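Observations on chain architecture
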Amino acid sequence: MSNISELDLQNLRHLIGGFETSHCKMQDYAQQATDPEIKQFFEQGAKSAMDNKQELMKFLN
């Protein structure tokens, strides 16, 4: 893999942090939801955010 610039590294860090925040918030919202459809919506959002975070983390390896 080629070297990434410092700017790219900062951008990755920002994106990864954003997906981590989204994941945590959506998990919390899902836990508080009483409607099954709303709960499922937030669970899917949390999973998607975590999947995106893990995909971006591959650039750091």
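We now turn to the structure provided with this report. Note that this is a predicted model, so its numbers are computed, not measured.

Structural notes on the overall build of the protein
Looking only at helices and strands, the protein has 2 helices and 0 strands in total. Over its C-alpha atoms the protein spans a radius of gyration of 14 Å, topping by over 25% the 10 Å that the globule rule assigns to 61 residues. C-alpha extents for the protein along the principal axes are approximately 45 × 15 × 10 Å. Partitioning the intrachain contacts of the protein with sequence separation of at least 6 by distance along the chain shows that 62% fall at a separation of at least 24. Averaging the positions of the 6 positive and the 9 negative side-chain charges in the protein gives two centres separated by 4 Å.

Quick notes on the packing of aromatic side chains
Going through the model one piece at a time under the given rule, you end up with 2 aromatic pairs. Between the aromatic rings of Tyr29 and Phe42, the centroid separation amounts to 5.3 Å while the plane-to-plane angle is 65°, which identifies the pairing as edge-to-face. Note that Tyr29 is positioned in helix H1 (residues 6–32) and Phe42 in helix H2 (residues 36–57), a separation of 13 residues in sequence. Taking the relative accessible area as the measure of exposure, Tyr29 reaches 40% and is therefore partly exposed. Through pairs of rings, three or more aromatic residues link up here, namely Tyr29, Phe41 and Phe42.

Considerations on H2
In this model, H2 (22 residues) spans 31 Å end to end at C-alpha, consistent with the 32 Å of a helix rising 1.5 Å per residue. Of all the residues in H2, the buried ones are Phe42, Gly45, Ala46, Ala49, Lys53 and Leu56. Viewed end-on, H2 has its buried residues packed into an arc of 100°, placing them on one side of the element. In H2, the exposed positions angled more than 90 degrees off the buried face are occupied by Pro36, Glu37 and Lys47. The inward-facing, buried residues of H2 abut H1. Two to three positions downstream of the cap, the backbone nitrogen of Glu37 sits 2.8 Å from a side-chain oxygen, assigning the N-cap of H2 to Asp35.

Quick word on the pattern of salt bridges
What the rule picks out here adds up to 3 salt bridges. Here Glu55 makes a salt bridge to Lys58, at a shortest N to O gap of 3.2 Å.

Focus: the environment of Asn3
Relative to the helices and strands, Asn3 resides in the segment before H1. Its relative accessible area of 77% is what places Asn3 among the exposed residues. Between the C-alpha atom of Asn3 and that of Leu60, which follows or precedes it by 57 residues, the distance is 9.8 Å.

What counts as what
- Residues numbered from 1 in each chain as written.
- Predicted model: local features only at pLDDT ≥ 70, side-chain atom pairs only at ≥ 80, totals over all residues.
- Heavy atoms only, no water.
- Helix = DSSP H or I, 4+ residues; strand = E, 2+ residues; numbered from the N terminus.
- Rg over C-alpha atoms; globule rule 2.2 N^0.38 Å.
- Contact = heavy atoms within 4.5 Å.
- Lys, Arg positive; Asp, Glu negative; His and termini not counted.
- Charge placed at Lys NZ, Arg CZ, Asp CG, Glu CD.
- Phe/Tyr/Trp six-rings, centres within 6.5 Å; stacked < 30°, edge-to-face > 60°.
- Buried < 20%, exposed > 50% of the residue type's maximum accessible area, 1.4 Å probe, protein only.
- Expected span 1.5 Å × (residues − 1).
- Arc of directions from axis to C-beta.
- Polar contact = N/O pair within 3.5 Å; in protein donor to acceptor, adjacent residues only side chain to side chain.
- Salt bridge = Lys/Arg side-chain N within 4 Å of Asp/Glu carboxyl O.

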